[in-house]
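# Descriptive analysis of the structure
Take a look at the letters that make up each chain.
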Amino acid sequence: MRHPVVITLRFDAGTLVLDGVGQALVPGMDAPPPGCAWDARVSRFRAPGFRYRELLTALTRWSRAGHGELRDEARRYNTLTLAHRAERRAFDHQQEAVAAWRAQGNRGVVVLPTGSGKSYVAEMAIAAVQRSALVVAPTLDLMNQWYEVLSTAFDARVGLLGGGYHEIEDLTVSTYDSAYIHMERLGARWGLVIFDECHHLPSATYLMAAEMSLAPYRLGLTATLERADGRENLLDDRVGPVVYARGIKDLAGEYLADYDVATVFVDLTPEESEAYTQGRGVYKQFISDKGINMAAPDGWGRFLMLSSRSPEGRRAFLAYREQKQISLASLGKLQVLEGLLRQHARERTIVFTNDNDTVYAISRTFLIPAITHQTDVKERKEILDRFNGGAYPAIVTSRVLNEGVNIPEAAVAIVLSGTSSVREHVQRLGRILRRREGKRAVLYEVITRGTVEERQSGRRREHDAYR
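Presented here is an overview of the structure given in this document. All of these numbers come straight from a predicted model, not from anything done at the bench.

### What to know about the overall build of the protein chain
Each helix and strand in the protein chain was counted, giving 16 helices and 19 strands. Split into buried and exposed, the 467 residues of the protein chain put 51% on the buried side. A sequence separation of at least 24 residues applies to 71% of the contacts in the protein chain between residues at least 6 apart. Placing the 61 positive and 57 negative side-chain charges of the protein chain at their respective mean positions leaves the two points 2 Å apart.

### Notes on the environment of Ala410
Along the chain, Ala410 falls in the loop between strand E17 (394–397) and strand E18 (412–415). A relative accessible area of 0% places Ala410 in the buried class. Remark: the alpha-carbon pair of Ala410 and Arg85, spanning 325 residues in sequence, is separated by 29 Å. In contact with Ala410, other than residues within four places in its own chain, are Arg348, Ile350, Phe387, Arg431, Ile432 and Lys439.

### A few points about the pairing of strand E6 (residues 107–111)
Counting buried positions along E6 yields 5 of 5 residues, so the element is predominantly enclosed. Going residue by residue along E6, you find Arg107, Val109 and Val111 tucked away on one face and Gly108 and Val110 tucked away on the opposite face as well. The sheet contact formed by E6 and strand E12 (residues 217–222) spans 5 bridges and is parallel. Bridging from a neighbouring strand, Val109 pairs with Gly220 of E12. Pairing of E6 with strand E13 (residues 242–245) involves 3 bridges; the strand directions are parallel. Counted as the bridge partner of Val110 is Tyr244 from E13.

### Section: helix H4 (residues 140–153)
Here H4 spans 20 Å end to end across 14 residues, near enough to the 20 Å set by a 1.5 Å rise per residue. Every buried residue of H4 is accounted for by Leu142, Met143, Trp146, Leu150 and Ala153. Taken around the axis of H4, the buried residues stretch over an arc of 100°, which confines them to a single face. In the core, the buried residues of H4 are packed alongside helix H3 (118–129), strand E7 (133–137), strand E8 (158–162), strand E10 (171–175), strand E11 (192–196) and E12.

### Looking at the pairing of strand E2 (residues 15–19)
Of all 5 residues making up E2, 5 are buried, and the element is well covered by its neighbours. Residues Thr15, Val17 and Asp19 line one face of E2 and the alternating positions Leu16 and Leu18 line the opposite face, and both faces are buried. Taken together, strand E1 (residues 5–12) and the strand that follows it, E2, pair antiparallel across an intervening segment of 2 residues, in which Ala13 is found at a positive phi of about 50°.

### Overview of the sheet that holds E17
Here 6 strands make up an open sheet; going across it, the order is E14-E19-E18-E15-E17-E16 and the pairing parallel. Each edge of the sheet is formed by a strand with only one pairing partner; in this case those strands are strand E14 (258–266) and strand E16 (370–371). Pairing analysis gives 9 bridges linking E14 to strand E19 (residues 440–448), with the strands arranged parallel. Counted as the bridge partner of Thr263 is Glu445 from E19. In this fold helix H12 (residues 331–343) packs onto E14, strand E15 (349–352), E17, E18 and E19, with an angle of close to 165° to the strand it touches most, E19. Together, E15, E16 and E17 form the strand contacts of helix H13 (residues 356–366), whose direction differs from that of E17 by roughly 155°.

### Focus on the packing of helix H9 (residues 270–289) against helix H10 (residues 299–307)
Taken N-terminus to C-terminus, the directions of H9 and H10 make an angle of 95°; their axes are 11 Å apart at the nearest point. Comparing the axis directions of H9 and H10 gives the class roughly perpendicular. Between H9 and H10, the contacting residues are Tyr283, Phe286 and Ile287 on the first element and Phe303, Leu306 and Ser307 on the second. Residues belonging to the contact of H9 with H10 are distributed by class as follows: 5 nonpolar, 1 polar and no charged.

### Considerations on the nonpolar core
Ile126 and Trp146 are the most contacted members of the largest nonpolar core, which totals 59 residues. It is H3 that provides the largest number of residues to this core, a total of 7 residues. Of all hydrophobic cores here, the second largest spans 23 residues; its members include Leu186, Phe195, Leu201 and Ala215.

### So, the packing of aromatic side chains
In this structure the tally under the stated criterion is 11 aromatic pairs. Summarising the aromatic geometry, the rings of Phe286 and Phe303 are spaced 6.1 Å apart at their centres and angled 70° between planes, so their arrangement reads as edge-to-face. One end of the pair, Phe286, is in helix H9; the other, Phe303, is in helix H10, with 17 residues separating them in the sequence. The interplanar angle of 35° and the centroid separation of 6.2 Å between the aromatic rings of Phe303 and Phe317 together place this pair among those described as tilted. Here Phe317 lies in helix H11 (residues 311–328) and Phe303 lies in helix H10, a separation of 14 residues in the sequence. Classification of Phe317 by relative accessible area gives partly exposed; the value is 25%. Put simply, the rings of Tyr283, Phe286, Trp300, Phe303, Phe317 and Tyr320 touch in pairs and so form one group of aromatic residues.

### Things to note about the sheet that holds E12
Taken together, the 8 strands give an open sheet; going across it, the order is E9-E8-E10-E7-E11-E12-E6-E13, and neighbouring strands pair in mixed fashion. Where the open sheet ends on each side, the last strands, each with one partner, are strand E9 (165–166) and E13. Sheet strands in contact with H4 are E7, E8, E10, E11 and E12, and its direction is about 170° off that of E8.

Rules of the game
- Residues numbered from 1 in each chain as written.
- Predicted model: local features only at pLDDT ≥ 70, side-chain atom pairs only at ≥ 80, totals over all residues.
- Heavy atoms only, no water.
- Helix = DSSP H or I, 4+ residues; strand = E, 2+ residues; numbered from the N terminus.
- Buried < 20%, exposed > 50% of the residue type's maximum accessible area, 1.4 Å probe, protein only.
- Contact = heavy atoms within 4.5 Å.
- Lys, Arg positive; Asp, Glu negative; His and termini not counted.
- Charge placed at Lys NZ, Arg CZ, Asp CG, Glu CD.
- Pairing = 2+ DSSP bridges.
- Expected span 1.5 Å × (residues − 1).
- Arc of directions from axis to C-beta.
- Axes fitted to C-alpha atoms, helices over the stretch in contact; angles between N-to-C directions.
- Parallel < 35°, antiparallel > 145°, perpendicular 65-115°, else oblique.
- Nonpolar A, V, L, I, M, F, W, Y, C, P; charged D, E, K, R; others polar.
- Core = buried A, V, L, I, M, F, W, Y, C linked by side-chain atoms within 4.5 Å.
- Phe/Tyr/Trp six-rings, centres within 6.5 Å; stacked < 30°, edge-to-face > 60°.

Any functional reading would require information that these geometric values do not contain.
Given below as C-alpha cells:
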C-alpha cells in the first residue's frame, strides 16, 4: 500500500527546508519545488527565506490537487486585530500608493518625496494586512521616530531591535544593522516587513535582511530609489517592483511646500586658483601615468592603493586633497554664505557641506551649531529641538542630515558642497519641503567656477525636481 506523501515546510537559519521528500522529483511535480536547491549536507531541498510565498503557493496547489499533504511549520507570525488609532483622511497620493501596493499582492516599492507622508502609507499597509509587522530603518534616529509613529498609531506594544534593545513584539522596529544580524533567527516572526529608505537595502550585507525573512508581504519606501551601482534592481525579487512613484514637482504646492532653486557661482582668488591648478595638475598626472580610470567602479580604490606605495603617490594624494578642499570651501563661498545667512536671518536655515572640517570651520566662524556623525545623540536632539523651536535660526552639517530627520521648520538650504549624487541633492532639497501655510522654500547651490564642482553640479541636478 502506497503511503501518502507528507511535505513539512520548516524555517531554518534564514532558509526554508522541505522534510518528507527526497532528491527525486516530488510526485505530481515536473520540476523541483520553486526556489529550491538540493542540499546534500542534510539531504533536503532548501530555499532562501524570501521565496516562502512562492514556495507555499506552489505546495498548496500541489496539496489541493490531491498529490499529498502539506504541513507549514515555517510561519511564526500572527494574524492581528489592530485598531488604527491615528486613522485620518489620507491624501490622494497616499491612497493611490496603498491601492497600487495592494493590487500587486501587498508587495512592492513606493517612491514618494520626503515630507509627503510615507510613514502614513506604512500605517495604512499595516492596518490593511493585519499581520505581525517589522519596520526596518537605516539609523537609530529613524528607528526611534518609527517607534513613536507606531506607538501612536496602533493599540499594541511596539518592540525595538537595535541601539541596545532586543524587544520582539508583533509590531517591531529595527535598524538595518540589527535586522541582518538577527534575521536568521527571527525571519519567520513577521508577515509584513517594511523597509524604510529601501535604497539602502541592496548593499551586500543589508540584503540578507530581506533574503532571510519569509514575510509574504513586503513594502519598500524611498524618495530616491536609484543607486550608483545599479543594484536597486535586486529589490524586484526581495521586496517587489516599483508600484507607485510621484516626484517633488508632482506634489509641490498642494502636499509639499512650493520652492525655488538658485545656483550661485563664485570665483577663486588668484592665490586659490594657482594652488588649485597646481594641485590638480599633480593629481591628474599621477592617475594618467598609472592608467587609473577614476570613473570606473574600482577607480578610487586603485588610486588609494597606488598612491600609498611611493613618495610620488603620496604627493599626488595630498595634491588631490588640497585642490578638492579649495573648491569645496573657497573664500568666495564663505563670503556668499555670510550674505545668505543675513538675508534669511528670520528663516530656519540648514547649511550643508561635504566634509566635517568645513562644518566645524563654519560653526566657529559664524557661531552656528554643528551636527556631524561625531555629535552624540543627546546633543543632536537638543540642537534639532532648539532649531525647530526657533532658538537656533541656522545649523550646519555634512551628510548626517541628508535623510532620516524630522525638521519641519527648515525653509532654506544652502549647499556649499556635496557629492555628484542625484540622491544626495534630492534628499537635501527634501529637508526643507515640509508644508506649512505661506511657506516657500529655497535651496541655494554654491559652486566654485572653473573647478570640477561645475561638472558635479550638472550631474547631481539631473532630476525633475530641478527642471
